[in-house]
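A structural walkthrough
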Amino acid sequence: MKEIIQLNGITSGYPGRQDILRELDFTLRPGQRIGLIGPNGCGKSTLLHTIMGLVPIRSGTIRLFGRQVNTEAEFHDARLRLGFLFQHADDQLFSPSVLEDVAFGPLNQGLGRREALDKAMATITRLGLEGFEDRVPYKLSGGEKKLAALATILVMEPDALLLDEPTTGLDKDTKQRILTILQGLDIACLVVSHEPDFLAEATDTLVALRDGQVVRSEAHAHTHVHIHEGGEEPHLHD
Ligand SMILES: Nc1ncnc2c1ncn2[C@@H]1O[C@H](COP(=O)(O)OP(=O)(O)OP(=O)(O)O)[C@@H](O)[C@H]1O
Ligand SMILES: [Mg+2]
């Protein structure tokens, strides 16, 4: 099977600003679960946005599902198969109700209204959000928003996931619920996170973004028993 994501020599950045990604190469193959780490502001979200066609590239090529993508129409088709979770849930939620937001993707994929709403409701229930379907998304708590945003992508049964800090701000039980869901999905994913323990459970390869390029991570993420003070907090060991 073809590579899901293949970036070659990608340079990209925001209009009027210097390059953020510099001659970057990256590949995500079917079945791979890659964790991406890097300090604040190094360009992790920019990388995901670039893959989704939301940041214009200055040079290089992007291939998604084996096809080079350039135009908005080509990105549009690929976006229906790539589940992208924005770092900020407010960027993902825009409908008057959670149910409408979650049904939006399936409707876009061509499902009839009844079918889309049923599918949305089933996903809402799966994420433990039953009772929230009629709530106004922007009035939800941070964690509730994150779950609702996750529902809007999982409902589309994507072929791969791009998750930008999926567990930030979530409590332990909710994190575990998301982990269980991700582990139950047999699809490739690229997960940005500042939580090594989560990455150790959710992914099997760790890479880092450094100087605008994806490099093998020197950090080794693993789960472990915490016996030292502050062990509940996510951290890296040397
Ligand atoms: N829309 C934008 N316009 C201009 N500059 C931007 C925009 N979005 C991000 N930047 C800048 O691009 C750089 C990379 O930002 P990015 O959000 O990709 O970092 P990040 O690695 O995801 O950081 P964090 O861990 O804090 O989420 C930063 O210097 C940021 O200020
Ligand atoms: Mg980010």
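Fair warning: this is a prediction, and the values are worked out from it, not measured in the lab.

**A few points about the site of ligand 1**
As a structural note, the neighbourhood of ligand 1 is formed by 14 residues, with Arg17, Gly41, Lys44, Ser45 and Thr46 the closest of them. The separation between a nitrogen atom of ligand 1 and a polar side-chain atom of Tyr14 is 3.5 Å. Interatomic distance of 2.9 Å between a side-chain N/O atom of Gln87 and an oxygen atom of ligand 1. Broken down by class, the residue content of the shell around ligand 1 amounts to four nonpolar, seven polar and three charged.

**Re the side chain of Arg33**
Along the chain, Arg33 turns up in strand E3 (residues 33–37). If we ignore the near neighbours within four places in the chain, the residues touching Arg33 are Leu182, Gln183, Leu185, Asp186, Ile187, Cys189, Ala202, Thr203, Asp204 and Thr205.

**Overview of the coordination of the magnesium ion (ligand 2)**
Of the protein atoms, only Ser45 (OG) and Gln87 (OE1) coordinate the magnesium ion (ligand 2), at distances of 2.0 to 2.1 Å. Placement of the pair is Ser45 in helix H1 (residues 44–51) and Gln87 in the loop between strand E6 (82–85) and helix H3 (98–108), with a sequence separation of 42 residues.

**With respect to the sheet that holds E6**
Pairing is mixed in the open sheet, where six strands are placed in the order E6-E7-E8-E3-E9-E10. For this open sheet the edge positions go to E6 and strand E10 (213–216), each flanked by a neighbour on one side alone. Sheet twist, expressed as the average angle between the axes of neighbouring strands with direction ignored, equals 20 degrees. Note: E3 against strand E8 (residues 188–192), four bridges, orientation parallel. Within the sheet, the bridge partner assigned to Leu36 lies in E8 and is Val192. In the packing of H1 onto the sheet, the strands contacted are E3, E6, strand E7 (160–164), E8, strand E9 (205–210) and E10, and the crossing angle to E7 comes to about 145 degrees. Packing of helix H5 (residues 142–154) onto the sheet brings it into contact with E6 and E7, and relative to E6 it is tilted by some 170 degrees.

**Some thoughts on the packing of aromatic side chains**
Taken as a whole and judged by the stated rule, the model has two aromatic pairs. Pairing Phe84 with Phe86 gives two aromatic rings, centres 4.6 Å apart and planes at 45 degrees, and the pair type is tilted. We classify Phe84 as buried; its relative accessible area is 5%. Using a relative accessible area of 18% as the deciding quantity, one classes Phe86 as buried. When the ring centre of Phe65 is taken as origin, the NZ or CZ atom of Arg81, which lies over that ring, is 3.8 Å away.

**Quick notes on the domain arrangement of the protein**
If you check the domain split of the protein, you get domain 1 (1–81 + 160–222) and domain 2 (90–157). The straight-line distance from the C-alpha centre of domain 1 to that of domain 2 is 23 Å. With both chains or domains summed, domain 1 and domain 2 bury close to 1,100 Å², and 71% of this area falls on carbon and sulfur atoms. Per-residue buried area on domain 1 facing domain 2 is highest for Leu80, Arg177 and Ile181; these three make up 43% of the total on that side. Remark: the boundary between domain 1 and domain 2 carries zero salt bridges. Elements represented by at least two residues in the side of domain 1 that touches domain 2 include exactly E7 and helix H6 (172–184). Its residues assigned to classes, the side of domain 1 that touches domain 2 shows eight nonpolar, three polar and three charged.

Conventions adopted
Residues numbered from 1 in each chain as written. Chains lettered and ligands numbered in written order. Predicted model: local features only at pLDDT ≥ 70, side-chain atom pairs only at ≥ 80, totals over all residues. Heavy atoms only, no water. Near = heavy atom within 4 Å. Polar contact = N/O pair within 3.5 Å; in protein donor to acceptor, adjacent residues only side chain to side chain. Nonpolar A, V, L, I, M, F, W, Y, C, P; charged D, E, K, R; others polar. Helix = DSSP H or I, 4+ residues; strand = E, 2+ residues; numbered from the N terminus. Contact = heavy atoms within 4.5 Å. Donors = N, O, S within 2.8 Å, 3.2 Å for Na, K, Ca; no water. Pairing = 2+ DSSP bridges. Axes fitted to C-alpha atoms, helices over the stretch in contact; angles between N-to-C directions. Phe/Tyr/Trp six-rings, centres within 6.5 Å; stacked < 30°, edge-to-face > 60°. Buried < 20%, exposed > 50% of the residue type's maximum accessible area, 1.4 Å probe, protein only. Lys NZ or Arg CZ within 6 Å of the ring centre and 35° of its normal. Domains from an automatic or database assignment. Buried area = accessible area lost by both parts, 1.4 Å probe. Salt bridge = Lys/Arg side-chain N within 4 Å of Asp/Glu carboxyl O.

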